[in-house]
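# Fold and contact review
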Amino acid sequence: MSDPSVWWGEGTYERLAERLAPVHDALLEALGPQPGEEWLDAAAGTGAVAGRAARAGARVTAYDFSPAMLEKARVELEGLDVRLDRADARSTPYGDASFDVVASCFGVIFAPDREAVAAELARVCRSGGRLGLTAWKPDEELDAAWEPYVGSEPLPIDAWGDPDVVEELLGEAYELSIDERTWWLEGRGGADVWAFLSSSAPPLRALLAQVGPELATTLGEAYAEVVDRYRDGDGVRFPMRYLLVLGQRR
């Protein structure tokens, strides 16, 4: 694949971020931002979490490693008092115990070296501070549909979808609460959902560019076949399961 800091900013991720609003709202509701709190949105993407926290009165810093994604965030956050930085989730420029709240919505889970990422999530949070992150759970149905074409090797982000692994990564630093939730991906049909994701989800776009057009078409057809099993009236409603991980810094 090409440089991730480049391909994360390609496509129309802002369209996906807009649909993820129920997840952003759930994360903010669980964390309960307070006026004046120092808040970090880690791997912030288009800044949906940062914007919500800022509107609640928190003093927000947000970072991402993709320059193009930061530009999208600047548009999203126009008029709000949010500091935007370019940084890597494995090694951030912030001091120890700088923040009351550290949050990441489907962000840091994509960074390499999850142990380093977890260490940073702990290092920058104050004692008694709060953690909130979301992580996709592996989808066995989709994995089985794609296995004949791309193999069965687990993706790096799959580890973050395992509560036992999350406990291993963060449990020493945080008192954790882990809850499974569902986000519903809706569309006219499987092909419609695939067209949306393949244009707006950066990791998927990067994978398809790597495998080439013929295999990309095959993967799209297999994906659409699975999603079409979830008919709901005139469309489809496909369940995307994720973990909502909350923690209090020890």
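These lines cover the structure that appears in this document, whether it is placed above or below. (Residues numbered from 1 in each chain as written. Predicted model: local features only at pLDDT ≥ 70, side-chain atom pairs only at ≥ 80, totals over all residues. Heavy atoms only, no water.)

## A few points about unusual backbone geometry
Located in the positive-phi region is alanine 97, a residue other than glycine, with phi close to 55°. Relative to the helices and strands, alanine 97 resides in the loop between strand S3 (82-86) and strand S4 (99-105). The exposure class of alanine 97 is partly exposed, given its relative accessible area of 35%. Positive phi values are uncommon outside glycine, yet aspartate 113 reaches one of about 65°. Checked against the element boundaries, aspartate 113 lands in the loop between S4 and helix H6 (114-123). (Helix = DSSP H or I, 4+ residues; strand = E, 2+ residues; numbered from the N terminus. Buried < 20%, exposed > 50% of the residue type's maximum accessible area, 1.4 Å probe, protein only.)

## Side note on the packing of helix H7 (residues 140-150) against helix H11 (residues 213-227)
Viewed as axis vectors pointing N to C, H7 and H11 meet at an angle of 155°, and their least axial separation amounts to 9 Å. Classified by the angle between their axes, H7 and H11 sit roughly antiparallel to one another. Between H7 and H11 lies a crossing of right-handed hand. Note on element contacts: H11 touches H7 through Leu215, Thr218, Leu219, Ala222, Tyr223 and Val226, opposite Glu141, Leu142, Ala145, Trp146, Tyr149 and Val150. Of the residues that constitute the contact of H7 with H11, the class distribution is ten nonpolar, one polar and one charged. (Axes fitted to C-alpha atoms, helices over the stretch in contact; angles between N-to-C directions. Parallel < 35°, antiparallel > 145°, perpendicular 65-115°, else oblique. Left-handed = near helix turned anticlockwise from the far one by under 90°. Contact = heavy atoms within 4.5 Å. Nonpolar A, V, L, I, M, F, W, Y, C, P; charged D, E, K, R; others polar.)

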